[in-house]
Amino acid sequence: MLSSAILSSMHCFASAARHMSFTKAAEELHLTQSAVSHRIKKLEEQLGFKLFLRFNRRLQLTEQGQGLMAVLDQSLGGLESAIRDIRQQEFTSTLSMAVPHSFARCWLSERLGDLHRRYPKMTLQVRAQSRSTDFQHEPVDVAVYYDRPDRSGLHQHVLFGEMLVPVCSKDYADEHNLWQNPDGLAECLLLHDETAWQGTGFYTEWQYWAERAGIDPLAVTRGFVFNRADLAYRAAMSGQGVALGRWRMVAPSVRSGALVVPIDAFVEAEQSYLAVCHPDRQEVPAIKAVLEWLDEMAQHHLEKLAQEREALAFEPA
């Protein structure tokens, strides 16, 4: 049976053989070049044959070194395959994710195919809800909140922030002369999300935007009120009025032309999209995988939006 010292030296040898460089192996393994050289020399003594031919500026594997590397490649490949199989077994259970309705409809649903491709044995139950999750008493593994980070003791990770901007159909913007005309909002029907965040009135989000965009006065306490932001967006698409769009959610509809941004007045929201789980479960492999996947998708989303924001035209076509 090989000792731990020999196994460690084998790892060192494999790195040096891949790079054909003791220096690059040292960088990869966070060792000094002399430490790598010493370990391989010690390994050669223990094995009883040379692994490298050492020239002035390069290395070359001996015949015995080539044979050992071929065995290591095969063994490491089998080990990696076994590890993948073990990890996949961790993902055969059913996970439950609770997310806001608008996040589920406008962002999450179109990305779930990527999660399935990565973890085909995972079963994910998506619950759309506007309230916070009670992780102590509800069968929820991961949640996404649209809120400010708090000190509830839950594990929280910010996926991305949000920007607020009015959106409507192109016909509605034309009819009400809204193109770069904030004063035109006074004659428009405002569409509200009554649950923009907890503990506020249905008009709070519009009020917050108007104050920070410097649009005063604006009668924000009138209009149509929906219990979900995506319903307000659907009403805006059909030409019923102007909704206050959360840019991360409405950008695909703007991209497709279903919505337009008639007024270039983006306001940063105080809320962010947070990935949340119970702190005792954040290292559970399947939960950790979902959290990392959410973060990766969020970063790709932000990169794409940055490019689209630069190309966005604020004039009617």
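Residues numbered from 1 in each chain as written. Predicted model: local features only at pLDDT ≥ 70, side-chain atom pairs only at ≥ 80, totals over all residues. Heavy atoms only, no water.

Let's shift gears to the environment of Ala-104. Note that Ala-104 resides in helix 5 (residues 101-108). Put simply, Ala-104 and Arg-127 are 23 residues apart on the chain and 8.5 Å apart in space, counted from C-alpha to C-alpha. Apart from the residues within four sequence positions on either side, Ala-104 is in contact with Val-99 and Ser-109. (Helix = DSSP H or I, 4+ residues; strand = E, 2+ residues; numbered from the N terminus. Contact = heavy atoms within 4.5 Å.)

On to the sheet that holds strand 6 (residues 155-167), then. Adjacent strands of a sheet pair through backbone hydrogen bonds, lying either parallel or antiparallel. Pairing in this open sheet of eight strands is mixed, and the strands run 4-3-5-10-6-9-7-8 from one edge to the other. Edge positions in the open sheet fall to strand 4 (123-128) and strand 8 (224-226), since each of these has one partner strand only. Each strand axis lies, on average, 25° off the axis of its neighbour in the sheet, ignoring direction. On top of the sheet, helix 5 reaches strand 3 (94-99), strand 4, strand 5 (142-147), strand 6 and strand 10 (267-277); it is set at about 110° to strand 3, its chief contact. (Pairing = 2+ DSSP bridges. Axes fitted to C-alpha atoms, helices over the stretch in contact; angles between N-to-C directions.)

What follows deals with the confidence of the model for the chain. Residue-level pLDDT values for the chain average 85, and 88% of them are 70 or greater. Long-range and interchain partners of residues 313-317, a stretch whose pLDDT sits below 50, account for twelve contacts in this model, where long-range means more than four residues apart. (pLDDT = per-residue confidence, 0-100.)

This part is about the packing of aromatic side chains. The geometry of two aromatic rings is summed up by the distance between their centres and the angle between their planes. Counted by the stated rule, this structure contains ten aromatic pairs. Here the aromatic cluster, defined as three or more aromatic residues joined through ring pairs, consists of Phe-103, Trp-107, Tyr-146, Phe-160 and Tyr-273. Its guanidinium or amino end placed over the ring of Phe-55, Arg-58 lies 4.3 Å from that ring's centre, counting from NZ or CZ. (Phe/Tyr/Trp six-rings, centres within 6.5 Å; stacked < 30°, edge-to-face > 60°. Lys NZ or Arg CZ within 6 Å of the ring centre and 35° of its normal.)

When you line up the elements, Asp-141 lands in the loop between strand 4 and strand 5. Classification of Asp-141 by relative accessible area gives buried; the value is 11%. Within polar-contact distance, the side chain of Asp-141 engages the backbone nitrogen of Ser-96 at 2.8 Å. Looking at Asp-141, its side chain comes within polar contact range of the side chain of Arg-281, at 2.5 Å. Residue contacts for Asp-141: discarding those within four places in its chain leaves Thr-94, Leu-95, Ser-96, Phe-135, Val-276, Cys-277, Arg-281 and Ile-287. (Buried < 20%, exposed > 50% of the residue type's maximum accessible area, 1.4 Å probe, protein only. Polar contact = N/O pair within 3.5 Å; in protein donor to acceptor, adjacent residues only side chain to side chain.)

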